[in-house]
Amino acid sequence: MDQNKTHPDQKYIDGLAANDSVIIEMIYKKFAPKVCMFITNNSGDKDQAQDVIQEILILLFNQAKANKLRLTCPFDAYFFLLCKRRWLNELKKSENQRVTIYEHVVSTNESAQDLIAQTEEFDEKQQLFDTMFQKLGEKCQEVLKLSFSLKTMEEVAAKLNVTYGYVRKKKSLCVGQLTQWIQEAKNFNLLKNK
Amino acid sequence: MNEERYILFDQYLQGELTVDEKSSFEKQLAENPELAAELETFKEMHFQLENKFGIAQEREVFTENLTRISDKYFQKKKPKIVSMRPWYFAAAASAAIMFGLFFFDYKHYPNFEDYNHPESAYFTERGVSEETLKQAEDNFNGKRYAKAVPLFEAILKVNNSEEIKYFYGVSLLQVDKYVKAENVFKELEAGNSVYKEKAKWNRALSKLKQGKYKECEEILQTISQDYEDYDQVEQLLEELN
């Protein structure tokens, strides 16, 4: 059994990355009903199902764009479990009301479990990064935004009307600040999990 | 914050250190796992920033498109609710039955129009003039198929994409250019794109529109059950029998 082979369902991932409307519509038609059914059977409504599906598809878009998503299992199981776990987390957040989970046992192979773990890790890292980015000062945010959307640092300097040397140094320090915070968060997690 | 360190990281990653500086820095990295871990995080920040801002525009376009499709799927545009009093309802129902009986036909064949629901096109092709693409899209979505056909032909000369081919085929079918349309669909069927099953369905519709029921049925039977509109296939097969 070769678990490392790319599954033909990779076409859905590639379609999301290419913003292919036909494929996105296909994903909704084929895979959304099961997710809706699960969420509406477990204390949710249709609007919440719509949100969960949309959030997961945006996550997959981001991961695919970062070239970090190679499907080695059917899309069906992978997508359903991601949505399901996202919804169970939502429910946990509003824990006050006790909920009973109704579900059919879904058998999945290890390959799907691994992929789901990867996607969730990608999501967590991105969220942690976003939180830290918001903590940066306005100037830092602006310099980083321009540094990573314009082609050269010369352009960034011209746009901000400062010298090249200044903007280079500022960029290094702002990325450094993020590095420091993330490193601290990582070390903290290591301690916690010891 | 250790400013020197991050400036050094940046210079190292940009390849701006001298040979000596580089080898001394790499020696430090090998000896100091904490420094190495920090450099890894520094690189990861670059990756996150590229992902956040490098594709910000693409992400926005994607999210917009996704929301549109999602709303359509969940039917967010509330249909107008017409309140009907019960007796009106009864009257309307009996009128509908009368109407149905009047047109009831034992030798009833399915109708092309009942199955003809071309989806909307939203193109994002590369290397093609945006204007032509937009015109083709507008004409197609506005059901002005005769106008869309030459535009698709022009686009296909530059960019032979399966998506454009598919919508070209659908337009040809709408304006009764059966032979051309069916050839386009056959080409798509021979490929391995997502349009494969859709092409079969459309070629079956072309036969249906021409009243070639037997051929229509034969094509329908080759469509995979995985096709997302398989319920339509089943319904049409049932009507044909």
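Residues numbered from 1 in each chain as written. Chains lettered and ligands numbered in written order. Predicted model: local features only at pLDDT ≥ 70, side-chain atom pairs only at ≥ 80, totals over all residues.

### Notes on the overall build of chain B
The helix and strand tally for chain B stands at 13 helices and zero strands. The N-to-C order of helical and strand elements in chain B reads α-α-α-α-α-α-α-α-α-α-α-α-α. Buried positions account for 25% of the 241 residues belonging to chain B. (Helix = DSSP H or I, 4+ residues; strand = E, 2+ residues; numbered from the N terminus. Buried ≥ 20, exposed ≤ 12 C-beta atoms within 10 Å, placed from the backbone.)

### Digging into the overall build of chain A
Each helix and strand in chain A was counted, giving eight helices and zero strands. Counting helices and strands in the order they occur from the N terminus, chain A gives α-α-α-α-α-α-α-α. By the burial criterion, 32% of the 194 residues in chain A qualify as buried. For chain A, contacts bridging at least 24 residues in sequence account for 71% of all contacts bridging at least 6. (Contact = placed C-beta atoms within 7 Å.)

### What to know about unusual backbone geometry
For N161 of chain A, which is not a glycine, the phi torsion comes out positive at approximately 60°. For D176 of chain B, which is not a glycine, the phi torsion comes out positive at approximately 65°. Relative to the helices and strands, D176 of chain B resides in the loop between α9 (162-174) and α10 (178-190).

### A short note on the confidence of the model for chain B
Residue and element names in this part refer to chain B. Taken over all residues, the pLDDT of chain B has a mean of 85, while the share at 70 or more is 88%. Element-level pLDDT for chain B is lowest in helix α5 (residues 86-103), with a mean of 66, against a maximum mean of 93 in helix α2 (residues 19-31). Among the prediction metrics, the complex's ipTM stands at 0.85, with pTM recorded as 0.66. (pLDDT = per-residue confidence, 0-100.)

### Quick word on the interface of chain B and chain A
Each side of the interface is counted separately: chain B has 33 residues, and chain A has 40 residues. Of all the elements in the fold, those that place two or more residues in the side of chain B that touches chain A are α1 (3-13), α3 (33-54) and α4 (56-73) of chain B. Take the side of chain B that touches chain A: its biggest share by element is 11 residues, from α3 of chain B. Its residues placed into classes, the side of chain B that touches chain A shows 17 nonpolar, nine polar and seven charged. (Nonpolar A, V, L, I, M, F, W, Y, C, P; charged D, E, K, R; others polar.)

### Some points on the environment of S129 of chain B
Residue and element names in this part refer to chain B. By secondary structure assignment, the location of S129 is in the loop between α6 (112-115) and α7 (130-141). On the basis of neighbour counts, which here come to 12 C-beta atoms within 10 Å, the residue S129 falls in the exposed class. Through-space distance from the C-alpha of S129 to that of V158 is 9.4 Å; in sequence the pair is 29 residues apart.

### Side note on helix α3 (residues 46-65) of chain A
Residues spaced three or four apart along an α-helix face the same direction, because each turn holds 3.6 residues. With 20 residues, α3 of chain A ought to run about 28 Å at 1.5 Å a step, and its terminal C-alpha atoms sit 29 Å apart, in line with that. Taken together, the buried positions of α3 of chain A are occupied by A49, Q50, V52, I53, I56, L57, L60, F61, N62, Q63 and A64 of chain A. Structurally, α3 of chain A contributes buried residues whose contacts are with α1 (10-17), α2 (21-41), α4 (75-93) and α5 (110-135) of chain A together with α3 and α4 of chain B. Of the residues trailing α3 of chain A, N67 of chain A is marked for its positive phi of about 60°. (Expected span 1.5 Å × (residues − 1).)

### Things to note about the nonpolar core
Counting residues in hydrophobic clusters, the biggest one holds 71 residues, and the most contacted among them are L16 and V35 of chain A together with F152 of chain B. The contact partners of V35 of chain A, leaving out residues within four places of it in the chain, are A49, V52, I53, F80 and C83 of chain A. Core analysis: the second largest hydrophobic core is formed by 19 residues, F133, L178 and I182 of chain A together with L49 of chain B among them. (Core = buried A, V, L, I, M, F, W, Y, C linked by C-beta atoms within 7 Å.)

### A closer look at the packing of α1 of chain A against α2 of chain A
Residue and element names in this part refer to chain A. At a closest axis distance of 8 Å, the pairing of α1 and α2 adopts a crossing angle of 125°. Taken together, the axis directions place α1 and α2 in an arrangement best described as oblique. In the packing of α1 onto α2, the handedness of the crossing is left-handed. Between α1 and α2, the contacting residues are K11, Y12, G15 and L16 on the first element and I23, I24 and I27 on the second. Grouping the amino acids of the contact of α1 with α2 by side-chain chemistry returns five nonpolar, one polar and one charged. (Axes fitted to C-alpha atoms, helices over the stretch in contact; angles between N-to-C directions. Parallel < 35°, antiparallel > 145°, perpendicular 65-115°, else oblique. Left-handed = near helix turned anticlockwise from the far one by under 90°.)

### Side note on the packing of α9 of chain B against α10 of chain B
Residues and elements named next belong to chain B. It is the contact of α9 with α10, at a shortest axis distance of 8 Å, that shows an interaxial angle of 150°. Taken together, the axes of α9 and α10 lie roughly antiparallel to each other. Note on packing geometry: the crossing formed by α9 with α10 is left-handed. Of the residues in α10, those in contact with E162, K165, Y166, Y168, G169, L172 and L173 of α9 are K180, A181, V184, F185, E187 and L188.

### Notes on helix α11 (residues 196-209) of chain B
Residue and element names in this part refer to chain B. In a regular helix each residue adds 1.5 Å, so 14 residues correspond to 20 Å; α11 covers 20 Å between its end C-alpha atoms and thus fits that length. Most of α11 sits inside the fold, with 12 of its 14 residues counted as buried. Buried residues along α11 sit against α6, α9, α10, α12 (213-220) and α13 (230-240). One or two positions beyond α11, positive phi appears at G211, with a value near 80°.

### Some points on the environment of Y115 of chain B
All names here are of chain B. With respect to the helices and strands, the residue Y115 is situated in helix α6. Considered as a pair, Y115 and V233 are 118 residues apart in the sequence and their alpha carbons are 9.4 Å apart. Setting aside chain neighbours within four positions, we find Y115 in contact with L205, L208, Q232 and L236.

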